[in-house]
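# A closer look at the structure
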Amino acid sequence: MSRLSESIGRETGERSFTDRVTDALPARNDPTWLVVLLALALFVGFSIYTSLQHFRFATTGADLGAYTHMFSSTLNGEGWLDNGKYRVELLSSSYWGAHFSLTLLAFIPLFALVPSVYTLLVVKCFVLAASVVVLWVLARDRLGARLGGVVTLSYAFNPFLWSAWSFDFQEQILIPPLLFAAYYCYRKDRTVAFLVLFLLVLFTNEFVIFPAIGFTAGLAVAALLAGRAREKAPAIVGAVVALGVARFVSSTVIEHFSRASGLPVYVIAEPLQAYVQGATRVSILDLLGVVLTNPTVLIDSATFAVEDKLLFFAAFMLPVLFLALFDELSLFALGPYLGFAWIFTGASKAVYFEFGAHYPLYLLPFVYIGVIHLLARLSTRFGGVSIPSRAAFSGVATGVLVLCLVAGIASGGGHFSAPPPADEDHDAVLQTAIDSIPADATLLAQNDIYPHVATRPNATFIVSQPTFEAYEQRYGPVSPEYVLIDTNLNPDASWGRTVQRSFGERLGDEYGLLRYQDGVQVYQRGYEGRTYGVTQRDPSPRVYDASEFASESATEAGTEENATLVSEEGSSGDYIWFGPYDTLAPGEYTATFRVNVSGDGDDPVLLTQVAGGEDHAEIANTTVAPGDGWQNVSVPFRLTESTSELEYRGVRRGEGRVVLDRVEISYPETANTTEGGA
C-alpha cells in the first residue's frame, strides 16, 4: 500500500468528513473571508446592475441575444449553437463557424435548468466574482496577505474588468479563473493539473491562443532565469503541445462550420483594406505577409489613431502601475495582442485597441500573473517586498483605488455606465408589440431588442448593414414574416435605423406597417391593411425632438429633456436642421413643425420641407413668417411608395430668429386605408 493510500485510510478512519471540511475552511479571522465578502458584494451588485440593463433594453443581440439563442436552439434541437446572425461565410448560423469554444458547452446545463437570459447574466457575475477569490489565493501564496490583498483590490476594482463585466455575456469569463488556477498549479509543480486547466483556457476561445503563446514563452524564460529549466520542462513542453493541439482543433472545427476562416475584412485597418479587397475574411498570416513586404503600410497602420492607442494603453496599465511591462510572463502575452490590435485592426473595431467589450478578459489574467511574478521575484532579490503595517496597507490600497478611478475616467468607463432611465410606458408598448407577434413566426428584430426575443426558434437580427447586405447578395433577400423596429430605443445606438436602411423600401412595399406607437414599428410581410397602434387602436404620431436632427447653423438650447435648436442668423438657403432619415410606408401624412420664428416684417424667414429617397428630393414644403410665440406649422404630404431617408428640414429664407422644438408625423385614417385585422 502506498503512503498516499495509507494517509487516506488513516484520515478516513480518524476524522469525519465534516471535520475535514471544517479544517479546510479559513480561520474566522482570516482575511480570505474579507475577499469572499468583496466577491459576494461584486456578484450581487453586478447581477442587479446587468439585469437592470437588460430589463431596460440596454443589452445587445451581439453578444447576449446571440448566446441566449445558441443555448436555446441547441437544447430544443433547432440547430447547433445557432446564434441568429447573418454571416455570408457561415455554412449555418453556428457560433463554431466564427469561433471555437469547447468550454462554452459547460453553460448549457445551467441554461437548461432556467432557460432565461437572466441565467446567463447571473452566471457571468458568479464566475467573474469567483475569479477575484482565485486570484487572492494565488497572490497571497506568492506575496503574503497584505501585498496580495493590494493586488487583489487592483483586480477587483479594475475599470476594464468592470467594463467587460457590464457587457452582455461571453465565454471569455472563464479565462481569468481558469488561468489563475492553472498558474497556481504550475507554481506548486502540479503539472497534470496545470496542463488540464491550461488546455481548458485554450479551448475557451481560439483567440486566447495568441497571448497564451507569449505567456508560454515567458514561462520558459522565467524558468531559465530561475535555474529551473529542467524541473519545469515537462510543464512547458506540455503547454507547447497543448497550444498546437488547441490551434489544430479550433482551426479544423471552424473550417468545418464556415466557408472562410480568419478575421472579417471590415475590421481590418484602413491602410490594409486595399490588399484584402474581394475577400470576406483574411488570415493573420496573410496580413503579416502584407505588412512585412510593405513597411509603409506597417507604419501607417501602427500610427493610425495613435493618440487613442497610447491613451487607452496607458489607462489599461495604470491600475498595476505599468509593472506588467517589466515581467516576461505578462509582457510576452501582451505582445501578440498589441501587435494585432495596433497594426491589423481599424476604426470599425476600435474596441481591440481600446480594450473594450470583452477583450480585457483575454489580457487581465496574464497582466496580474505577471505583476504577482514580478513582485515575488523582487521580494526574493531584495530581501522582502512587503507592506509592514495596517496603516501602510490602507495608504497603498487607497492609492490603488485612486489609480483605478483615474484609469476609468481616462478610458471613459467603457461599458460601465448608468443604466438608462426608466420609461415604463415606452417599455410596456415595446413588450406588448413583442407579445403581439406569434411565438413561432419568423422574426427579424433590431440588435437591442433581440435579447428579448432570442429564445424564439425563428428570431434573427442584423449585426451591421454591410454584413447583412453581403449575405443577401450571396443568398438572396431575407424575408421573415415580421420585422420589429423601435426608433426611440437607445437613440445613440440607432439600431432601428440599421434595420430600416438594410430593408430600404421593402418596408412599406413588401412589408406593410401593422402597428406603430411611440417609435415601435411592427411590419408584416404582405400586409395591406391600415396601421394600428400597439396598446391603443390608432397609431400615435411619430415625434422627433430637436436633439434628433443634425444642424449646420443652429445650436442646442434648453435642458436635455426639453432641448431646442436655435438659429440666430445665417444666409438664405442655409440648412438650419435636417434629418432624421426615417422610413414611411405609402400613404397620406402630415408633418407638424413646432417652431418659434421672429423677425422684422412679414417676409418668410423659414422654409419647412419634407424630403426623401436616395436623392433626398423635396416632397412638400411650407414657408413660415414671423409670428407671436410658438407656431404649429403643418405640411401635408403623400407617399405613393415606401420611402426611406425621409427628412423634415428647416431652411433659412430670411433674417430672423428660428427655434425648433419638435416635428410630429401624424397617421390620418386615409393612410393604408384597406381594412385588415389588428
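For clarity, every value in this text was computed on a predicted model and none was experimentally measured. (Residues numbered from 1 in each chain as written. Predicted model: local features only at pLDDT ≥ 70, side-chain atom pairs only at ≥ 80, totals over all residues. Heavy atoms only, no water.)

The next thing to look at is helix 21 (residues 465-475). When helix 21 is considered as a whole, its buried residues turn out to be Thr467, Phe468 and Glu472. All buried residues of helix 21 project into a common sector of 135° when viewed along the axis, lining one side. What points out from helix 21, more than 90 degrees from its buried face, is the exposed set Pro466 and Gln473. Its buried side turned inward, helix 21 meets strand 3 (443-445), helix 22 (495-503) and helix 23 (506-509). Looking one or two residues past helix 21, Gly476 carries a phi angle of roughly 95°, positive in sign. (Buried < 20%, exposed > 50% of the residue type's maximum accessible area, 1.4 Å probe, protein only. Helix = DSSP H or I, 4+ residues; strand = E, 2+ residues; numbered from the N terminus. Arc of directions from axis to C-beta. Contact = heavy atoms within 4.5 Å.)

The next point concerns the nonpolar core. Phe198 and Phe215 are the most contacted members of the largest nonpolar core, which totals 124 residues. Sorting elements by how many residues they give to this core places helix 6 (residues 117-143) first, with 14 residues. In contact with Phe215, other than residues within four places in its own chain, are Leu179, Tyr183, Phe198, Leu329, Phe332, Ala333, Phe366 and Ile369. Of all hydrophobic cores here, the second largest spans 43 residues; its members include Val595, Val597, Val633 and Leu639. (Core = buried A, V, L, I, M, F, W, Y, C linked by side-chain atoms within 4.5 Å.)

Turning next to the sheet that holds strand 3. Pairing between sheet strands relies on hydrogen bonds along the backbone, with the strands arranged either parallel or antiparallel. Across the sheet, which stays open at both edges, the 5 strands sit in the order 4-3-5-7-6 with mixed pairing between neighbours. Looking at the sheet topology across the chains shown, the edges are occupied by strand 4 (459-461) and strand 6 (511-517). On average, adjacent strands in this sheet sit at an angle of 25° to one another, irrespective of strand direction. As paired elements, strand 3 and strand 4 share 3 bridges and run parallel to each other. Bridge pairing in strand 4 places Leu443 opposite Ala459. Here helix 20 (residues 424-436) sits on the sheet in contact with strand 5 (482-486), strand 6 and strand 7 (520-525), set at roughly 15° to strand 7. (Pairing = 2+ DSSP bridges. Axes fitted to C-alpha atoms, helices over the stretch in contact; angles between N-to-C directions.)

In this section: the pairing of strand 18 (residues 657-666). Within a regular strand, the side chains alternate between the two sheet faces. Note that strand 8 (residues 542-545) and strand 18 share 4 bridges and pair antiparallel. The residue bridging Val543 from the neighbouring strand is Glu664, located in strand 18. One ladder, built from 3 bridges, connects strand 10 (residues 564-567) with strand 18; its direction is antiparallel. Across the sheet, Leu565 pairs through a bridge with Leu660, a residue of strand 18. Bridging between strand 13 (residues 587-598) and strand 18 involves 9 bridges; their strand directions are antiparallel. Each residue of the ladder has a partner; that of Asn596, found in strand 18, is Val659.

Here we come to the packing of aromatic side chains. According to the stated counting rule, one finds 51 aromatic pairs in the structure shown. Ring centres 6.0 Å apart and planes at 85° place the aromatic pair Phe43 and Phe126 in the edge-to-face group. In this pair, Phe43 sits in helix 3 (residues 32-55) while Phe126 sits in helix 6, placing the two residues 83 residues apart along the sequence. Classification of Phe126 by relative accessible area gives exposed; the value is 53%. (Phe/Tyr/Trp six-rings, centres within 6.5 Å; stacked < 30°, edge-to-face > 60°.)

Quick look at the side chain of Asn158 now. Relative to the helices and strands, Asn158 resides in the loop between helix 7 (145-156) and helix 8 (159-166). Judged by its relative accessible area of 0%, Asn158 falls in the buried class.

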